[in-house]
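Descriptive structure summary
Spelled out, the chains give:
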Amino acid sequence: MTDALDRCLEPARINGLELRNRLIKAATFEGKTPNGVPGEALSRLHVRIGEGGVGMTTLAYCAAEADGRLHSDMMYMDEHIRPQLEALIGDIKATGARVSGQLGHCGNFTKNREFRGRRPLGPSPAINSFGVAAGMPFAGALTKPQIRDRVGVFANAARFMRSAGFDAIEIHFGHGYGISQFISPRTNRRTDEYGGSLHNRMRFALEVLDAVRATVGADFPLLGKISMSDGVRGGVSYADSVEIAALLEQGGLDVIICSGGTSSMNPMLLFRGASLLEGMLEQEKSAIMRFGLRLVGPKLFRDYPYEELYFLEQAKRIRERVSCGVCYIGGVCTAESLRTAMSEGFDFVEIGRALLFDPDLPKHLAADRDYVNGCTHCNRCATLIDAPGGIECVLRPDNFAVAD
Ligand SMILES: Cc1cc2nc3c(=O)[nH]c(=O)nc-3n(C[C@H](O)[C@H](O)[C@H](O)COP(=O)(O)O)c2cc1C
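These figures come from a predicted structure and were not determined experimentally. (Residues numbered from 1 in each chain as written. Predicted model: local features only at pLDDT ≥ 70, side-chain atom pairs only at ≥ 80, totals over all residues. Heavy atoms only, no water.)

1. A word on the packing of helix 2 (residues 40-51) against helix 3 (residues 82-93)
This is how the line gets drawn: Here, axes are lines fitted to C-alpha atoms. For helices the fit covers the stretch in contact, and angles between N-to-C directions go from 0 to 180 degrees. Secondary structure is summarised from DSSP: a helix means a run of H or I of at least four residues, a strand means a run of E of at least two, and numbering begins at the N terminus for each. Roughly parallel refers to an angle under 35 degrees, roughly antiparallel to one over 145, roughly perpendicular to one between 65 and 115, and oblique to any angle outside these ranges. Two helices crossing with the near one rotated counterclockwise from the far one by less than a right angle form a left-handed crossing, whereas a clockwise rotation gives a right-handed crossing. Contacts: residue pairs with any heavy atoms within 4.5 Å of one another. Under the scheme applied here, ten amino acids are nonpolar (Ala, Val, Leu, Ile, Met, Phe, Trp, Tyr, Cys and Pro), four are charged (Asp, Glu, Lys and Arg), and all others, including Gly, are polar.
It is at 9 Å that the axes of helix 2 and helix 3 come closest, and there the two elements cross at 25 degrees. With respect to each other, helix 2 and helix 3 are oriented roughly parallel. When the axes of helix 2 and helix 3 are compared, the crossing they make is right-handed. Touching L42, S43, H46 and V47 of helix 2 are L88, D91 and I92, all from helix 3. A class-by-class count of the residues in the contact of helix 2 with helix 3 yields four nonpolar, two polar and one charged.

Now the structure itself:
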């Protein structure tokens, strides 16, 4: 009898790009780009992940422009980092892994003290609670010419990414970032053709996809990560997300990655497991932000116990609806879960925390058909993204340590 796990470990293609297997390291912003420049620590992590055998790894956060960053220690896609980025991508490719970059924009929320504009801009006026300590408590609405400009910003960033050697681009359509602020009725209250019906709220996302596709060409692999639910009242629902996926497929996306949640309003929907609150309080330097976190913490970090394959049932509805590639993400720690994802017809599986715990996961899977990863979903890694030196797996701090 054939084992579905074999399918997971066999080579697969995304729009002509061959991956040595169907396992992709998920975008996990690692906090290893001080002043927005990729260096040795980021290289160490992704080279190690590549050596462990994944088909592709994902560099995050690749902001479309300087003001698309949450803070100034994030990369933005521009010539000033070309030498470092090309070297990094080259080193990762030497391991046999492909390299994708998650292209995104923060839109209406940022705490970037180097912000060049007057205030962050999204679909509609909003409170930028994230930016209170940085003196930017409010976000404004983009005018139509500004929307056109932002579409162009994505296209320019994509052009740069292709020329810098990325094998693929993952556009971030989810988690409450800039594009999903347009998709979500909770944050998009526009009355023009960019607001209202789902088709109107998808207009910006589809314009970005169209512009990126036109720039990188028909043969370049494009993935997109969506939130199947915002997890907030008045936000995108699981039913909406099936239509969102269908529209993105029509728009020319090669692979849809089925995530969920909103970083700024319901992050635990996307992580599950232990609350991020305690770790974030430990890391937050601003007293005002700590006060705010204590106030909203219990409501913001809701209790979602961890379970394997926590997005499976919703993601299956998208799998049934579209014929482009579909990538499962969310709670994959065992060989059994990978078997299930493969049997349900997913083309790829993105894995975040389990690879931070065990970068050799693909090799271990090949050797052990009953593999169980030791990640405990303590989520401490996710609270370290702004810590000096960035993230680590607190259970295995030596995994990505840079030699002195
Ligand atoms: C440390 C850390 C940083 C993350 N940063 C990002 C990010 O930059 N972009 C993104 O789309 N998701 C990010 N995520 C979410 C993951 O991509 C993924 O959706 C989530 O961890 C669930 O997958 P898992 O159960 O395999 O970890 C991050 C997760 C972690 C743990």
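2. A short note on the pattern of salt bridges
For clarity, the cut-off: Each reported salt bridge corresponds to a side-chain nitrogen of Lys or Arg within 4 Å of a carboxyl oxygen of Asp or Glu. The buried label applies to any residue whose accessible area, calculated with a 1.4 Å probe on protein chains only, is under 20% of its type's maximum; exposed applies above 50%, and partly exposed to all values in between.
Overall, the coordinates contain 23 salt bridges when judged by the stated rule. The partner of R82 in a salt bridge is E79, with the nearest N and O atoms 2.6 Å apart. On the accessibility criterion, E79 (47% relative accessible area) is partly exposed. Across the salt bridge formed by K111 and D386, the nearest N and O atoms sit 3.0 Å from each other. Of this pair, K111 sits in the loop between strand 6 (98-104) and strand 7 (121-122) while D386 sits in the segment after helix 16 (380-383); the two residues are 275 residues apart in sequence, bridging distant segments of the chain.

3. Here's the deal with the packing of aromatic side chains
Rules: Planes of paired rings set the category: under 30 degrees apart is stacked, over 60 is edge-to-face and the rest tilted, where pairs are Phe, Tyr or Trp rings (Trp by its six-membered ring) whose centres lie within 6.5 Å. Look at NZ for Lys and CZ for Arg. If either is within 6 Å of the ring centre and within 35 degrees of the ring normal, a charge sits over the ring.
Taken as a whole, this structure holds nine aromatic pairs when the rule is applied. Arranged with centres 5.4 Å apart and planes meeting at 45 degrees, the rings of F109 and Y177 form a pair that is tilted. With a gap of 68 residues between them, F109 in the loop between strand 6 and strand 7 and Y177 in the loop between strand 10 (168-172) and helix 5 (178-183) connect regions that are remote in the sequence. You'll find F109 and Y177 in the same group, each marked buried. Grouping aromatic residues by their ring pairs yields a cluster made of Y61, F109, F130 and Y177. The lysine or arginine in question, R272, covers the ring of F311, its NZ or CZ lying 5.2 Å from the ring centre.

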